[in-house]
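Structure assessment
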Amino acid sequence: MLRLEDTYRHKGQRKALVSLLRSKGIKNEAVLEAINTLPRHFFFDTALDSHAYEDKAFPIGEGQTISQPYTVAFQTELLEIKPGDKILEIGTGSGYQASILHLMGGIVHSIEYQKKLYDRTKKFLTKLGIPINFYLGDGSQGIPSQAPFDKIIVTAGAPVVPNSLLKQLNIGGILVIPVGDRNTQKMMKLTKKTEKQIIQEEYDNFAFVPLLGEEGWRSK
């Protein structure tokens, strides 16, 4: 059961979370403001409500998680979002990350591999009034019919950077993706300067669920 009520206690917990994220090095005020605005507890079952503002990832079913707030903030900061950016999110999951991108002014296209999660999150975000463009399918191949995108964010760990995603990025666009093995990945930021020149930057290690699909991991 979802409790769509935002109390003073919840607001206080969000403020404390934002302070924690700031102390961990998140500097982008638009990112922090979006996290302060969006009630993360809406994305939790009532039984787990008390954990909603801890800086931790939590299971959401179908072998997936709602990402740790620091991870959401870190990836979002790397994207350098400007209002009006057309953003592709690979891995809709709970819809929390997509909602943050929307609050920052992004036009969000989000693709989910798991049908149960896709159905649940589409219904839920529609109820919340958050306008995301939802797709069900293989996120490792992007959404060619909607390309190109200004920004692409991948919220699952990939074995390599999918070529399809780089192709669907605008010149000047940014792709943020965790790359590594099934247990730990290095956060990568790829900026497409020209069709042939990609600037690649590496950041800290993170742990994401695997990116499944043609250009990701094959299901076991």
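Residues numbered from 1 in each chain as written. Predicted model: local features only at pLDDT ≥ 70, side-chain atom pairs only at ≥ 80, totals over all residues. Heavy atoms only, no water.

**Looking at the nonpolar core**
Grouped together as the largest cluster of nonpolar side chains are 44 residues, with contacts concentrated most on Leu21, Ile26, Ile35, Phe43, Tyr96 and Ile100. Put simply, the parts of the chain that give this core at least two residues each are helix H1 (8-23), helix H2 (29-37), strand S1 (58-61), helix H3 (69-79), helix H4 (96-103), helix H5 (115-128) and strand S7 (169-180). Looking at this core, the element that brings in the most residues is H3, giving 6 residues. When neighbours within four sequence positions are excluded, isoleucine 35 is seen to be in contact with Arg14, Leu17, Val18, Leu21, Pro69, Ala73, Tyr96 and Ile100. Ile152, Ala156, Leu175 and Leu211 belong to the second largest nonpolar core, which has 20 residues in total. (Core = buried A, V, L, I, M, F, W, Y, C linked by side-chain atoms within 4.5 Å. Buried < 20%, exposed > 50% of the residue type's maximum accessible area, 1.4 Å probe, protein only. Helix = DSSP H or I, 4+ residues; strand = E, 2+ residues; numbered from the N terminus. Contact = heavy atoms within 4.5 Å.)

**What about H1?**
With 16 residues, H1 should reach 22 Å at 1.5 Å per residue; the first-to-last C-alpha distance of 23 Å fits that figure. All of the buried residues in H1 are His10, Arg14, Leu17, Val18 and Leu21. Taken around the axis of H1, the buried residues stretch over an arc of 100°, which confines them to a single face. Of the exposed residues in H1, those oriented more than 90 degrees away from the buried face are Tyr8, Lys15 and Ser23. Once H1 finishes, glycine 25 follows within two positions and takes phi at roughly 110°, a positive value. (Expected span 1.5 Å × (residues − 1). Arc of directions from axis to C-beta.)

**Here's the deal with the pairing of strand S3 (residues 86-90)**
A large share of S3 lies buried, amounting to 4 of its 5 residues. Here S3 pairs with strand S4 (residues 107-112) via 5 bridges, running parallel. Bridge pairing links isoleucine 90 to isoleucine 111 in S4. Assessed by its sense of winding, the connection that carries the chain from S3 through H4 to S4 is right-handed. Sheet analysis places S3 next to strand S6 (residues 149-154), joined by 4 bridges and oriented parallel. Bridging across to S6, isoleucine 87 finds its partner in lysine 151. (Pairing = 2+ DSSP bridges. Right-handed = clockwise from strand over helix to strand, strands pointing away.)

**Some thoughts on the packing of H1 against H2**
Packing of H1 against H2 brings their axes to within 9 Å, and their N-to-C directions diverge by 155°. Comparing the axis directions of H1 and H2 gives the class roughly antiparallel. Both H1 and H2 take part in a crossing whose hand is right-handed. Taking contact as the criterion, the partners of Arg14, Lys15, Leu17, Val18, Leu21 and Arg22 in H1 are, on H2, Glu29, Leu32, Ile35, Asn36 and Thr37. When grouped by side-chain class, the residues that make up the contact of H1 with H2 number 5 nonpolar, 2 polar and 4 charged. (Axes fitted to C-alpha atoms, helices over the stretch in contact; angles between N-to-C directions. Parallel < 35°, antiparallel > 145°, perpendicular 65-115°, else oblique. Left-handed = near helix turned anticlockwise from the far one by under 90°. Nonpolar A, V, L, I, M, F, W, Y, C, P; charged D, E, K, R; others polar.)

**Details of the sheet that holds S3**
Reading across from one edge, S5-S4-S3-S6-S7-S8-S9 is the order of the 7 strands in this open sheet, with mixed pairing throughout. Strands at the two margins of the open sheet, each flanked by one partner only, are strand S5 (133-136) and strand S9 (198-206). Taking each pair of neighbouring strands and ignoring which way they run, the sheet shows an average axis angle of 15°. Two strands pair when backbone bridges link them, and strand S8 (residues 185-192) and S9 are joined in this way by 7 bridges, in the antiparallel orientation.

Note that every value here comes from positions in space, so none of it alone points to a role or purpose.
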